[in-house]
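# Fold and contact review
As a plain string of letters, each chain reads:
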Amino acid sequence: MGKIAVLGSGSWGTALSIVLADNDHEVALWSHRQEQAEQINNDRENKQYLEGIQLNHLIHADTSLEQVIKGADAILFVVPTKAIRQVCQQVKPYVTSDQTIIHASKGIEPETNKRISEMMAEELGPELGKGIVVLSGPSHAEEVGRRQPTTVTVSSLQIDQAIIAQDLFMNESFRVYTNEDLVGVEIGGALKNIIALGAGISDGLGYGDNAKAALITRGLAEIARLGKHLDANPLTFAGLTGVGDLIVTCTSQHSRNWRAGNMLGKGYKLDDVLDQMGMVVEGVRTTKAAYQMSKKLEVNMPITEGLYELVVNDKPAKDVVDDLMNRSKADELEQISNG
Ligand SMILES: NC(=O)C1=CN([C@@H]2O[C@H](COP(=O)(O)OP(=O)(O)OC[C@H]3O[C@@H](n4cnc5c(N)ncnc54)[C@H](OP(=O)(O)O)[C@@H]3O)[C@@H](O)[C@H]2O)C=CC1
Ligand SMILES: O=C(CO)COP(=O)(O)O
């Protein structure tokens, strides 16, 4: 089998490396820290980000981007959204047009409101950027690393590239679907993190299953409303990268976004929560981006707006919930089915 470069040695990069190595690919796992690369290679385990899961001999960590990219059939970007542009700039001199480019990150850039494939295409240029593939869906690293049954979706403007990615990752415990709706797949994956923060807050405040079901379904409604304005296929939001990822992230203690929200609901301050997490909580920056998009495009996104007030203006979580419950009456399908 071939060689795959995985850029980002956090929890998700490590878990996806395990899938690729299980499929007999040689995995060159890039870490930007020497100490981390050495720890992974010496212990055959990523103790900081995916503790307790053995890595097989096909996975080798390295800090040289040139070495990692050289001869790779595909390059998987899996760093936090805020590092995507920088990593693209660093790798650009080494990437060739025959390499399949995939990303598995979930976010929107607050400064530009761009999706990840848009940011990558800007940095890598039109030739390398035209066939970027996104891999997204309900998939906690902790479960993927333990080979528990998982389903995800790959999408690209060039569907042949998505099919290449599908073939690289697909195996008996990791089932990969294709979907031609790149915008919907990226928007669903990014915005579910906002709703997961909200679900964690709700649980932290001591609210029950009714509140969580409301957040998931009304969260889905506002994601679909924004997606419709961006020309996404509404059916994508009923799929793995929409409702599927909302369920997995809003109902699981594996989710960093849920856990961060839970602490906010219990009264901790955002800065303290982020310090304690020690892993990326994408929902915070994505809340800022989605709020700006909702204002610019005049899309009603009350949950996002409430979380923006909490994250940016320090509004108490209980007040955010009270405001959401006391809005004027509405139709359930407003702005989804009738424009
Ligand atoms: N974990 C999961 O279950 C899933 C995560 N994702 C998405 O994958 C993306 C990555 O998340 P995840 O792996 O979980 O994050 P983690 O917080 O587990 O790890 C982040 C990794 O990125 C590294 N990093 C941070 N900044 C840079 C940089 N500028 N250059 C290079 N490396 C950098 C960190 O290094 P350091 O240790 O030095 O900080 C760390 O190794 C996110 O967008 C997330 O939403 C998607 C699906 C599932
Ligand atoms: O995206 C994920 C699962 O699909 C992981 O979510 P968290 O980043 O909240 O842990």
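Residues numbered from 1 in each chain as written. Chains lettered and ligands numbered in written order. Predicted model: local features only at pLDDT ≥ 70, side-chain atom pairs only at ≥ 80, totals over all residues. Heavy atoms only, no water.

What counts is decided by this rule: UniProt positions are given in the numbering used here, feature names are shortened, and annotations may be inferred rather than shown by experiment.
Looking at an unreviewed UniProt entry, one finds the protein chain named Glycerol-3-phosphate dehydrogenase [NAD(P)+] and attributed to Alkalibacillus filiformis. The protein chain has a UniProt comment under Subcellular location (unreviewed entry) that states "Cytoplasm". Here the protein chain is described in UniProt, under the heading Sequence similarities (unreviewed entry), as follows: "Belongs to the NAD-dependent glycerol-3-phosphate dehydrogenase family."

## Overview of the nonpolar core
Formally: Only buried residues count toward a nonpolar core. Its members are Ala, Val, Leu, Ile, Met, Phe, Trp, Tyr and Cys residues joined through side-chain atoms within 4.5 Å. The rule is simple: take the accessible area with a 1.4 Å probe, protein chains only, and divide by the maximum for that residue type; under 20% is buried, over 50% is exposed, in between is partly exposed. The helix and strand labels rest on DSSP assignments: H or I over at least four residues marks a helix, E over at least two residues marks a strand, and numbering proceeds from the N terminus. The contact definition used throughout considers only heavy atoms, calling two residues in contact when any of these lie within 4.5 Å.
Counting 41 residues, the largest nonpolar core has Ile108, Ile187, Leu191, Ile195, Ile223, Cys250 and Leu310 as the members making the most contacts within it. When contributions to this core are tallied by element, the ones reaching two or more residues are α9 (182-204), α10 (209-229), α11 (240-250), α12 (256-265), α13 (270-277), α14 (282-297), α15 (302-313) and α16 (317-325). At 10 residues, α9 tops the list of elements feeding residues into this core. Setting aside residues up to four positions removed in sequence, isoleucine 187 forms contacts with Ile108, Arg115, Ile223, Leu230, Phe237 and Met293. One finds Ala15, Leu20, Val27 and Ala37 within the second-largest nonpolar core, a separate group that totals 35 residues.

## Things to note about the packing of helix α4 (residues 84-91) against helix α5 (residues 116-124)
Helix-helix packing: each pair is described by the crossing angle between the helix axes and the interaxial distance. Under the convention used in this document: Whenever a helix is involved, its axis is fitted only over the stretch in contact; in every case the axis is a line through C-alpha atoms, and angles between N-to-C directions fall within 0 to 180 degrees. In this scheme the crossing of two helices becomes right-handed for a clockwise turn of the near helix relative to the far one and left-handed for an anticlockwise turn of less than a right angle. Under the grouping applied here, Gly and all other residues not named as nonpolar or charged are polar, the nonpolar ones being Ala, Val, Leu, Ile, Met, Phe, Trp, Tyr, Cys and Pro and the charged ones Asp, Glu, Lys and Arg.
For the pair α4 and α5, interaxial distance at closest approach is 9 Å and the crossing angle is 30°. The two elements α4 and α5 meet at a crossing, and its hand is right-handed. For the pair α4 and α5, contact is made by Ile84, Arg85, Cys88, Gln89 and Val91 and by Ile116, Met119, Met120, Glu122, Glu123 and Leu124, respectively. Here the contact of α4 with α5 is composed, by residue class, of 7 nonpolar, 1 polar and 3 charged.

## Topic: the site of ligand 1
Counted only if it meets this: Here a residue counts as near a molecule or strand whenever at least one of its heavy atoms sits within 4 Å of it. Counted as a polar contact is a pair of N or O atoms within 3.5 Å, where, for protein atoms, one must be capable of donating a hydrogen and the other of accepting one, and residues adjacent in sequence contribute only when both atoms are in side chains. Cavity means a closed set of points on a 1 Å grid over the protein atoms alone, one where a 1.4 Å probe fits but cannot get out, pocket means an open set with protein on both sides within 12 Å along at least 5 of 7 lines, and lining means a residue has an atom within 4 Å of a point. A molecule is said to be in a cavity or pocket once over half of its atoms fall within 2 Å of that pocket's grid points.
The local shell around ligand 1 holds 25 residues, among which Ser11, His32, Arg33, Tyr49 and Glu282 are the closest. Serine 11 places a side-chain nitrogen or oxygen 2.5 Å from an oxygen atom of ligand 1. Mapping ligand 1 onto the cavity grids shows that it belongs to the largest pocket. Looking at the shell around ligand 1, the elements that each hand over two or more residues are α1 (11-22) and α4. By residue class, the composition of the shell around ligand 1 is 12 nonpolar, 9 polar and 4 charged.

## A closer look at the packing of α10 against α11
It is the contact of α10 with α11, at a shortest axis distance of 10 Å, that shows an interaxial angle of 145°. The element α10 and its partner α11 pack so that their crossing is right-handed. Counting all contacts with α10, which are made through Lys212, Ile216, Leu220 and Ile223, the residues of α11 involved are Gly242, Val243, Leu246 and Cys250. Across the contact of α10 with α11, the residue classes tally to 6 nonpolar, 1 polar and 1 charged.

## Overview of the environment of aspartate 245
Counting through the fold element by element, aspartate 245 comes out in helix α11. Take aspartate 245: its relative accessible area is 1%, and that puts it in the buried class. For aspartate 245 and alanine 190, which are 55 residues apart along the polypeptide, the C-alpha to C-alpha distance reads 9.7 Å. In this view, aspartate 245 contacts Lys106, Ser136, Gly137, Pro138, Ser139, Gly189, Lys192 and Leu240; residues no more than four positions away in its chain are not counted.

## Here we look at the UniProt feature "active site" (unreviewed entry) in the protein chain
This chain's UniProt record puts "active site" (unreviewed entry) on Lys192. Its location among the elements puts lysine 192 in helix α9. If we skip the residues at most four places from it in the chain, lysine 192 touches Lys106, Ile223, Asp245, Leu246 and Thr249.

## Structural notes on the site of ligand 2
Using the following cut-off: For every accessible area listed, the method is Shrake-Rupley and the probe measures 1.4 Å; residues are considered covered only by the protein chains on display.
For ligand 2, the set of nearby residues contains 13 residues, the closest of which are Lys192, Asp245, Ser255, Arg256 and Asn257. Note that an oxygen atom of ligand 2 is positioned 3.1 Å from one of the backbone N or O atoms of glycine 137. At 2.7 Å, a side-chain N or O of asparagine 257 approaches an oxygen atom of ligand 2. Contact with the protein chains removes 92% of the 310 Å² of surface that ligand 2 exposes when unbound. More than half of the atoms of ligand 2 fall within 2 Å of the grid points belonging to the largest pocket. Elements represented by at least two residues in the shell around ligand 2 include exactly α11 and α12. Examining the composition of the shell around ligand 2, we find that 3 residues originate from one element, α11, more than from any other. Its residues placed into classes, the shell around ligand 2 shows 2 nonpolar, 7 polar and 4 charged.

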